[in-house]
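# Structural overview
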Amino acid sequence: MTAAASSDADLIAAHAAGDPHAFTELVRRHRDRMWAVALRTLRDPEEAADALQEAFISAFRAAASFRAESQVTTWLHRIVVNACLDRVRRKQSKPTSPLPETGPGEPVAPRDAMAERETRLVVQDALDELPEEQRVPIIMVDIEGYSVAETAKVLNIAEGTVKSRCARGRAKLAKLLGHLRNPSAGANVPVDDVNVQQQQQRQREGR
């Protein structure tokens, strides 16, 4: 059986047994999706590339201890996510570089394209406002499309914890992004300015 035809578990076993090509094939199979997870989590291509490299080095070294209690992809995702979170904690700051714009369907009208880009940036900034424990599950479930069960295995937490963290994160996002649903409300005068003007008016009237 060729490496390309082997299962992920077979490749892990072959790598642990000394096959010099098995792990390379495993990386080839899963690099793109692991890259997407790292990039979504860190929002910085350079940081994501470094985290992915660290994750694959860790996986290379730890492959012999893989016990097939979960899917190989789940095991890899856990290593990648942990590598990303370790980099976030070390930097103690949030990345600000926007994700590359990909995908079909660019609007014909430049004005619409600009509006969509601004909306994406606002959504990305809102995601950055979430604590890590909420942001990562939301990225995995709502953006990357993982199931709650898969996310729970990757993050090594209970499914109920994934659901509750997603629910709290979505609630916060709803508040942060509420103006996108009703952009005309309060568009002319900020709420704080209105309050200041009302207080000044009361003072002039002696109230």
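Scroll up to find the structure.
Below, the structure is looked at part by part. Worth saying up front: this structure is predicted, and the values here are computed from it rather than measured. (Residues numbered from 1 in each chain as written. Predicted model: local features only at pLDDT ≥ 70, side-chain atom pairs only at ≥ 80, totals over all residues. Heavy atoms only, no water.)

## Here's the deal with the side chain of H15
- Assignment of secondary structure puts H15 in helix α1 (residues 8–16).
- Taking relative accessible area as the criterion, H15 reaches 13% and is therefore assigned buried.
- In this structure the side chain of H15 is engaged in a polar contact, spanning 3.1 Å, whose partner is the backbone oxygen of F60.
- Ignoring any residue separated from it by four or fewer positions in sequence, one finds H15 in contact with A22, F23, F60 and A63. (Helix = DSSP H or I, 4+ residues; strand = E, 2+ residues; numbered from the N terminus. Buried < 20%, exposed > 50% of the residue type's maximum accessible area, 1.4 Å probe, protein only. Polar contact = N/O pair within 3.5 Å; in protein donor to acceptor, adjacent residues only side chain to side chain. Contact = heavy atoms within 4.5 Å.)

## Quick word on the packing of aromatic side chains
- Scanning the entire structure with this criterion turns up 2 aromatic pairs.
- When the ring of F23 is compared with that of F60, the centres are 5.3 Å apart and the planes differ by 90°; the resulting orientation is edge-to-face. Of this pair, F23 sits in helix α2 (residues 22–42) while F60 sits in helix α3 (residues 45–62); the two residues are 37 residues apart in sequence, bridging distant segments of the chain.
- Owing to a relative accessible area of 9%, F23 belongs among the buried residues under this scheme.
- Relative to W75, the ring of F66 lies with its centre 5.3 Å away and its plane at 55°, an arrangement referred to as tilted. With respect to class, F66 is no different from W75; both count as buried. (Phe/Tyr/Trp six-rings, centres within 6.5 Å; stacked < 30°, edge-to-face > 60°.)

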